[in-house]
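# Observations on the three-dimensional arrangement
Single-letter residue listing:
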Amino acid sequence: YNKIKYSFISSFLFLALFLKKKKKYYYSVFLFLIAIFFHLVALIYLPVLFLIYFIKREIHYYFLLGIGLVLFLLQPYKWFVKLNFLPEQLLRYNDHEGKGSFLILFFAILVLLFYHVSKMMGKINEDSKIIFFVKLSYIGVFFGIITINHPVLSRISNALMFFTIILLTAIVKGYYFY
């Protein structure tokens, strides 16, 4: 699982998510399958699609972050890896602490806070595109909180938190063009 594969998987998954947003479901599924052919780790994005599709109200994402904090304290991935059906590549890093994702997680939380402050001040025009990036950012932070202690699993949440960069540019654009 090297960085080149990770880049390909992330690119195909990002495009799949954008196409899903534009209601081009066949193309979205096709790109998702291509990502799976590069590496089966792309299957971990299925819960992301589930969460985006079924969670509609913004307040539910606050609950999702609360659940993430509880799961962080319980550290369920340690129980999950003891089930012995994960690939050896993931099990190899169980003894390492993965605190390297903390800065990315912190940045994503700051962007979400900036979004909410801007929203309260009336500085941004909320449209469906911004809401889509807010949802993806919340889900990225949720998975980031859960997987921060595992160096390999945290890569997955890091890919989702790239959407906070897009969200930040949309917020800044709202400040200047609203």
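Refer to the structure above for everything that follows.
Everything in this summary refers to the structure shown in the same document.

Analysis parameters
- Residues numbered from 1 in each chain as written.
- Predicted model: local features only at pLDDT ≥ 70, side-chain atom pairs only at ≥ 80, totals over all residues.
- Heavy atoms only, no water.
- Helix = DSSP H or I, 4+ residues; strand = E, 2+ residues; numbered from the N terminus.
- Buried < 20%, exposed > 50% of the residue type's maximum accessible area, 1.4 Å probe, protein only.
- Contact = heavy atoms within 4.5 Å.
- Areas by Shrake-Rupley, 256 points an atom, 1.4 Å probe, with all protein chains shown as cover.
- Polar contact = N/O pair within 3.5 Å; in protein donor to acceptor, adjacent residues only side chain to side chain.
- Axes fitted to C-alpha atoms, helices over the stretch in contact; angles between N-to-C directions.
- Parallel < 35°, antiparallel > 145°, perpendicular 65-115°, else oblique.
- Left-handed = near helix turned anticlockwise from the far one by under 90°.
- Nonpolar A, V, L, I, M, F, W, Y, C, P; charged D, E, K, R; others polar.
- Patch = residues over 30% accessible without salt bridge, like charges linked within 9 Å, V, L, I, M, F, W, Y side chains within 5 Å.
- Salt bridge = Lys/Arg side-chain N within 4 Å of Asp/Glu carboxyl O.
- Phe/Tyr/Trp six-rings, centres within 6.5 Å; stacked < 30°, edge-to-face > 60°.

We now examine the overall build of the chain. Within the chain, the regular secondary structure consists of ten helices and zero strands. When burial is assessed residue by residue, the chain has 41% of its 178 residues classed as buried. For the chain, contacts bridging at least 24 residues in sequence account for 75% of all contacts bridging at least 6. Split by element, the accessible area of the chain, about 10800 Å² in all, is 72% carbon and sulfur.

Turning next to the side chain of Ser137. You can see Ser137 is positioned in helix 8 (residues 128–147). Residue class for Ser137 comes out buried when judged on its relative accessible area of 0%. Separated by 2.8 Å, the side chain of Ser137 and the backbone oxygen of Phe133 make a polar contact. Non-local contacts of Ser137, meaning those with residues more than four positions away in its chain, are made with Leu112, Phe163, Thr164 and Leu167.

Here we take up the packing of helix 1 (residues 3–21) against helix 2 (residues 25–38). The N-to-C vectors of helix 1 and helix 2 enclose an angle of 165°; their axes lie 8 Å apart at closest approach. Considered as vectors, helix 1 and helix 2 are oriented roughly antiparallel to each other. As for the relative orientation of helix 1 and helix 2, their crossing is left-handed in sense. When helix 1 is examined against helix 2, the residues Lys5, Phe8, Ile9, Phe12, Leu13, Leu15, Ala16, Leu19 and Lys20 are found in contact with a partner set consisting of Tyr25, Tyr27, Ser28, Leu31, Phe32, Ile34, Ala35 and Phe38. In terms of residue class, the contact of helix 1 with helix 2 is made up of 14 nonpolar, one polar and two charged.

A surface patch of nonpolar side chains, amounting to about 590 Å² of accessible area, comprises Phe102, Leu103, Phe106, Ile109, Leu110 and Leu113. Mapped onto the secondary structure, Phe106 falls in helix 7 (residues 102–121).

This brings us to the packing of aromatic side chains. On inspection of all chains with the given rule, the structure shows five aromatic pairs. On the numbers, 5.6 Å between centres and 25° between planes, the contact of Phe12 with Phe38 is stacked. Placement of Phe12 in helix 1 and of Phe38 in helix 2 is noted, with a sequence separation of 26 residues between them. An aromatic cluster is defined as three or more aromatic residues linked by ring pairs; in this entry it consists of Phe8, Phe12 and Phe38.

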